[in-house]
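The residues making up each chain are set out below.
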Amino acid sequence: MPENTPLRPKLRPLDSRWVTSQGDTYLLLRDPQGISDKELLVPQAITPLLSLCDGKRDIPSLQIALELLTGLHLSRERIEQLMQQFKEALFLDDVDFDSACEAMLKEYLEVPYRKPALAGTTYPQDPHELRERLDEFCNSSANPGSQEEEDGKPVMGLISPHIDYQRGAHIYASVWLRAAETVRQRDLVIILGTDHTGGPGRLTLTRQNYATPWGTLPTAQDMVNELAGILGKEQAFDEEIHHIKEHSIELALVWLHYLLGDTHCQVLPILCGSFAPQIQDGTIPWNNEAAGKAIAMLRGLVKEHNAFVVAAGDLAHVGPAFGDRLPMDAVGRANLRGIDEALLSAICAGDREEFFRNIQREGDRYKICGLSPIYLALSILEDIKGEVTGYQHCPADAQGDSLVSIAGVLLKERDSHPS
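Note that the structure is a prediction, hence the values are computed from the model and not measured. (Residues numbered from 1 in each chain as written. Predicted model: local features only at pLDDT ≥ 70, side-chain atom pairs only at ≥ 80, totals over all residues. Heavy atoms only, no water.)

1. Regarding the pattern of salt bridges
This is how it is decided: Basic side-chain nitrogens of Lys or Arg form a salt bridge, by our definition, when they fall within 4 Å of a carboxyl oxygen of Asp or Glu. The numbering of helices and of strands both runs from the N terminus, where a helix is a DSSP run of H or I of at least 4 residues and a strand a run of E of at least 2. Summary of the burial criterion: residues with accessible area below 20% of their type's maximum are buried, those above 50% are exposed, and those between are partly exposed, where the area comes from a 1.4 Å probe applied to protein chains only.
Evaluation of the coordinates by the stated rule reveals 22 salt bridges. The partner of glutamate 382 in a salt bridge is arginine 299, with the nearest N and O atoms 3.5 Å apart. Here glutamate 382 is found in the loop between α16 (371–380) and β13 (384–395), whereas its partner arginine 299 is found in helix α13 (residues 289–304), with 83 residues between them in sequence. Of the residues examined, arginine 299 reaches a relative accessible area of 23% and is grouped as partly exposed. A cluster of three or more residues bridged by salt bridges with shared partners is formed by Lys87, Asp94 and Asp96.

Below you can see the structure in the form of structure tokens.
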């Protein structure tokens, strides 16, 4: 066995999708955290080996387990070669991966701001070109809204997509333009983003300022420290490295900065981990003392500092690109629209529990990746109502068989009723 071959390899959580090349089918693996920029193709016949790489089996045990599971005999040399490729790609949970994480986090913390991860790829890096691009999106929006709200109720927050701008432009414009006047009047914006690789129930903070092509939006340091004191520093910063590459907060903050122009405000960026355990066991999210105190603290910021709340989250992810067996046809799209309408109805009623229960009843079969930030926004903003500014199905593969659903929602103060 080569000296560097891992003894009991444990594969990290990875993004995967099926691809075909020259008539053969492969599973394409890549790192969702972006710590490694490498991609590996694994032949379809040996993909069952991946589930066996759990850190409990050595190479001979992997060989035996694969043969028992599938009848496929793979030589030890071939397994060792594959494990070495995984190790070099930083796809294994081992000391090499830990060292890479430490180096990346150290570099992140040594500069005064979080660099835009998507500038120059998802959106223009040049500030003038970026402004022109967003201007185009706003001018062509089918529902630009108005600066004055028809019912006179203050806008307390919004739900924004975090899909790329090219696909989600009209939904971004529909909701952010309606909140433009409000956000320019706020000194603090609490921005909640989906942490696509976050641990269950995690609320992950950072003290780094967030930069956009127009400059830096300062992070509210005192409020980060107060919230970290409630959550515990290990809980609050243990997954801080996710802020480096995670796109959800970044894509919303670019729109915020675009609307602010020369106006200044602080931001409180919070990444929200998954609710997978709660969906499975039927419990209520964040049903513990620390989470309750954190939500109370954030509610206090809304009341005392007139903070604006943004939840950056998409809705469904369905079709073969997301692991579903069947493509999305006209019937599937219609059914999805009905499912999403029920979710948006709960959001617009300000009912976080009904929003969550709707997803829980379906076992999250639609993979709602905005669940946790939207739920937290509804927890922070009490006594609100929502107004949907736009809804859209976005293509997620070249064949049109998969899609992501997105929506923009204004979160407004509910009518007060006399006692």
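2. Let's talk about helix α3 (residues 76–88)
Selection rule: A helix is expected to span 1.5 Å multiplied by its residue count minus one. When checking whether two residues touch, look at their non-hydrogen atoms; a contact exists if any pair is within 4.5 Å.
Given a rise of 1.5 Å per residue, 13 residues ought to cover 18 Å, and the 18 Å separating the end C-alpha atoms of α3 matches this to within 8%. Every buried residue of α3 is listed here: Ile79, Glu80, Leu82, Met83, Gln84, Phe86 and Lys87. The inward-facing, buried residues of α3 contact β2 (24–30), β3 (39–43), α1 (48–52), α2 (59–70) and α4 (95–110). Once α3 finishes, leucine 90 follows within two positions and takes phi at roughly 65 degrees, a positive value.

3. Considerations on the nonpolar core
Threshold: In these notes, a set of buried Ala, Val, Leu, Ile, Met, Phe, Trp, Tyr and Cys residues joined through side-chain atoms within 4.5 Å is what counts as a nonpolar core.
Among the nonpolar cores identified, the biggest contains 58 residues, and Ile190 and Phe355 are the most heavily contacted of them. Excluding anything up to four places from it in sequence, phenylalanine 355 contacts Leu343, Ala346, Ile347, Leu371, Ile374, Tyr375 and Leu378. Judged by nonpolar contacts, the second largest core, of 45 residues, contains Tyr123, Ala173, Leu251 and Val310.

4. With respect to the sheet that holds strand β8 (residues 209–212)
To keep it simple, the criterion reads: At least two bridges found by DSSP between two strands is the condition for calling them paired.
Reading across from one edge, β4-β8-β9 is the order of the three strands in this open sheet, with mixed pairing throughout. Each edge of the sheet is formed by a strand with only one pairing partner; in this case those strands are β4 (113–114) and β9 (215–217). In the sheet, β8 pairs with β9 via three bridges, with the strands oriented antiparallel. Paired with alanine 211 across the two strands is threonine 216, which belongs to β9.

5. Re the side chain of aspartate 195
Just so we agree on the cut-off: Residues scored as charged are limited to Lys and Arg (positive) and Asp and Glu (negative), so that His and the chain ends carry no count.
When you line up the elements, aspartate 195 lands in the loop between β6 (188–194) and β7 (203–204). Here aspartate 195 is buried and forms no salt bridge, its nearest opposite-charge partner arginine 202 lying at an N-O distance of 8.0 Å. Excluding its chain neighbours within four sequence positions, the residues that come into contact with aspartate 195 are Thr204, Glu239, His242, Glu246, Leu271, Cys272 and Gly273.

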